[in-house]
Amino acid sequence: MSAIPYNTPAELLGEMDRTRSRWLLAGLLGLAAAAGGYFADPQRFFQSYLYAYVFVFGLAMGSLALTMLNHLTGGAWGIMIRRILEAGSRTFPLLLILFLPIALGVFQIFPWAPHEVAEQDHLIHEKSAYLNVPFFFARVAGYFLICLFLSFRISRLSAQQDEHGAEPYYTKLQRLSGPGILLYGLTVTFFSIDLIMSLDPHWFSTIFGILLLGCQGVSTFAFAIMVLVWLMRQRPMSEAVRSVHLHDLGKLMFAFVNLFAYFNFSQFLIIWSGNLPEETTWYLKRTTGGWQYVSIAIMVLHFFVPFFLLLSRNLKRTPGKVSKVAGWLIFMQLVNAYWLVMPSFHERGIHLHWLDAATPLAIGGLWMWVFLGQLKQRPLLPVGDPMLEEALHSGGH
Amino acid sequence: MAGESMHSVETADAGPSLYGLLAEFDNPNDLVRATRQAYAAGYRKLDAYSPYPVEEAWEAIPHHSNRVPLAVLCGALAGMCAGFGLQTWASTMYYPMNIGGRPDLSWPSFIPITFELAVLFASFAAVFGMLMMNGLPQPYHPLFNSPRFATASRDRFFLCIEAQDPLFDRQDTLRFLASLEPREVAEVEN
C-alpha cells in the first residue's frame, strides 16, 4: 500500500480549530446560562448539572476503557479510533475542574449527606460508614487518580511508540491495560454507586455499575464513530478508513446497544420478580408521573429502533448512515442519563427545566473544546503501532 | 472418473463435457489478486477455494447477496411469537394462576423464554436455511475429479472459472488464467 501521509494536513487542522472555537462558544454560552440558572434555582442547577456531568464523564471513561480493551484484544477497529479515544481520555483534568460544582453542592445533591438525615433515618445511619461526605470525596479523588494516571500513562507510552517504534512500548501498553481494565471496572462500579445510586440511599442494585459500563460503551462507540466519519472527509482518514473498519465499529456499537438493553432488563426483571418494597421504589418513580413515557421511549428508541437499523450490513458500512444512528444513540444516552438521575429528585412527576439543556451544552461544549485540542496534537493514526500496516491493508479483526 | 469407455461415449455424443478451468496458487494473496482480475475481466461464474476462509477472496466476487440473514430474521420473529404466544396462552387462557398477586399477563417474566425461543428458531433457520440454499451436503462435485483439488483442504488455493460462464472459451480462458501466474491450470470435467 502506498504510504499514507500521516501528518494531519493544515486544511484539516484549520477546520478542527474552527469547530473547536464553535464548541467553546457553545460551552461558554451554556456556562453563562447555567450560572444564571444557579442564582435563579440552585437546587435545580445542581440536579441538571449532575446528569450532564455523568453523561460527559462517561465519554472520557469509556474512551479510556476502549483504548485499554483494544491494547489487549488488538483489532483494526481500535487502531482507526485509537487517537480519538486517547484524546477523549485526556480530558480528565477538565472533568476534575468541572467536578467543582458537584463538590460544592454535595449537601444539596445527595440526600444522605446532611448530618440530620442520618440521625433520623435508620437505614442511612446504618450505611453512614460508607455514605459520608469525607469518604465520598476520598473515593472521588481515587477515581480521578486512577483515570488520570491510566490515561496519561497510556497516552505517553503511545506517543513514545510513535516516536521510537513498537518495542518495548507495545508490550508495556498491554501489561498496563490488563490491570487497567480491572481498575476501570471497579471505578465505574463505585462511580455509579456514589454519583447515581446514592441519590436513592435506601435503594441498591448489584448490577448498577455494569449497567453504567454498558451506557459508556454505547456512548463512546457512538461518539468515536461520529468523530471518525467527520474526519473521513479529509486525508489521512479518508484513505485509511474503509468500509470494513466502519462495519466492525458499527457491529461493536450494535453489541453495546444489546448489552445496554440486556443489563437494563436484567435489573428490572429481578426487581420486578422479587417485588420487595425497598427495591421497587426506584422503578415506581420511573413508571409514574410521566416518567413512564421516558422509560418506554428509552426502550423503543434506544433499543428496538437502533436494533433493527443496525441489523443492516449496508447501513453499518455507509459512513453517512452509521454516523446518523450514532448521533441518535448519543442523544438517547443523554436522555438515559436524565432518566437515571432525575426521577430520584422528582418522584412526583417529570418536570422539564431550561437548565436541563443548558448544563449539557456547558459541560459538553467545554469538553469538546478540550477534546478537539487534544485530538489535533498528534497524528490521527498511531504511526508507531506495529499493527497499523495490517489494519490499513486488510481491516483484519 | 468413470471408465474409459464411458468417457469416450460422452465425447462422441456431446463433445467433452468440461466443468471449468482450475488454477492452482500456493498462497492466499495470489488467489485474491487472481480472483479480482478474473472478476474485472468480466467472468462471473467463478469461485475461489481455500483451506481456510479468506475474507478478501470472498469480497473479490461481489455478487454474494444470500438470503440466510432474511431466513434468520424470520426464524427469530417466529420464535418470538411462538415463545410469547405460548406463555400468554398458557397463563391467561389455559391455566391462569395467581402468582404473587401479579396479573395473568405478566409480560416481564415472559421475556427470557421469548428471547430464548427467538435465538433457538433463529439458529435453526440459520443452519437449515444455509444447508437448503448452498446445496450441502454435496457428496459429488465435479471439482473432485481434479486430483490436485484435494490439496484445497490442506495448503493450496484454487480459482475455478466455470464453463457455463458466457465469456468462457477453452483457449482464451486458459491463456487468461495462465497469465495470472498460477502453479498450474488444469481442465476439470463433469
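The structure contained in this document is the topic of the report that follows. (Residues numbered from 1 in each chain as written. Chains lettered and ligands numbered in written order. Predicted model: local features only at pLDDT ≥ 70, side-chain atom pairs only at ≥ 80, totals over all residues. Heavy atoms only, no water.)

**Re the environment of Q108 of chain A**
Residue and element names in this part refer to chain A. Counting through the fold element by element, Q108 comes out in helix α6 (residues 106-109). For Q108, a relative accessible area of 35% puts it in the partly exposed group. When the C-alpha atoms of Q108 and I298 are compared, they prove to be 28 Å apart, with 190 residues separating the residues in sequence. What Q108 contacts, discounting residues up to four positions off in sequence, is Q43 and F46. (Helix = DSSP H or I, 4+ residues; strand = E, 2+ residues; numbered from the N terminus. Buried < 20%, exposed > 50% of the residue type's maximum accessible area, 1.4 Å probe, protein only. Contact = heavy atoms within 4.5 Å.)

**As for the pairing of strand β1 (residues 18-25) of chain B**
In summary, the side chains of a regular strand alternate between the two faces of the sheet. Residues and elements named next belong to chain B. Counted residue by residue, β1 has 8 buried out of 8 residues, so it is predominantly covered. Sheet analysis places β1 next to strand β4 (residues 184-189), joined by 6 bridges and oriented antiparallel. In the strand pairing of β4, L21 is matched with E187. Where β1 meets strand β3 (residues 157-162), 6 bridges bridge the pair, whose relative direction is antiparallel. Bridging across to β3, L22 finds its partner in C160. (Pairing = 2+ DSSP bridges.)

**A word on the packing of helix α10 (residues 169-195) of chain A against helix α11 (residues 208-231) of chain A**
Residues and elements named next belong to chain A. Close contact between α10 and α11 brings their axes to 8 Å; oriented N to C, the two are set at 110 degrees. Viewed along their axes, α10 and α11 adopt a mutual orientation that is roughly perpendicular. Here α10 contributes Y184, V188, T189, F191 and S192 to the contact with α11, which in turn contributes F208, G209, L212, L213 and Q216. (Axes fitted to C-alpha atoms, helices over the stretch in contact; angles between N-to-C directions. Parallel < 35°, antiparallel > 145°, perpendicular 65-115°, else oblique.)

**Description of the interface of chain B and chain A**
Across the boundary between the two partners, chain B contributes 12 residues, which contact 14 residues of chain A. At the boundary of chain B with chain A, total buried surface from both sides reaches about 940 Å², with 68% on carbon and sulfur atoms. Of all residues in chain B, the largest losses of buried area upon contact with chain A belong to R102, W107 and P108 of chain B, amounting jointly to 42% of the total for that side. Where chain B packs against chain A, one counts 0 salt bridges. Applying the counting rule to chain B against chain A returns 2 residue pairs in polar contact (both at pLDDT 80 or more). Where the side of chain B that touches chain A is concerned, the elements lending two or more residues are α3 (55-60) and α5 (107-134) of chain B. Broken down by element, the side of chain B that touches chain A gets its largest block of residues, 5 residues, from α5 of chain B. For the side of chain B that touches chain A, the residue count by class is 6 nonpolar, 2 polar and 4 charged. (Buried area = accessible area lost by both parts, 1.4 Å probe. Salt bridge = Lys/Arg side-chain N within 4 Å of Asp/Glu carboxyl O. Polar contact = N/O pair within 3.5 Å; in protein donor to acceptor, adjacent residues only side chain to side chain. Nonpolar A, V, L, I, M, F, W, Y, C, P; charged D, E, K, R; others polar.)

**Remarks on the sheet that holds β4 of chain B**
All names here are of chain B. If you trace the 4 strands from one edge of the open sheet to the other, you get β2-β3-β1-β4, paired in antiparallel fashion. Each edge of the open sheet carries a strand with a single partner, namely β2 (46-49) and β4. Between one strand axis and the next, the sheet turns through 20 degrees on average, direction left out of account. Pairing between β2 and β3: 4 bridges, direction antiparallel. Within β3, the position partnered with L46 by the bridge is I161. Along the sheet face, helix α2 (residues 28-40) touches β1, β2 and β3 and points at about 15 degrees away from the line of β3. Against the sheet, helix α6 (residues 170-179) touches β1, β3 and β4, its axis set at about 10 degrees to β1.

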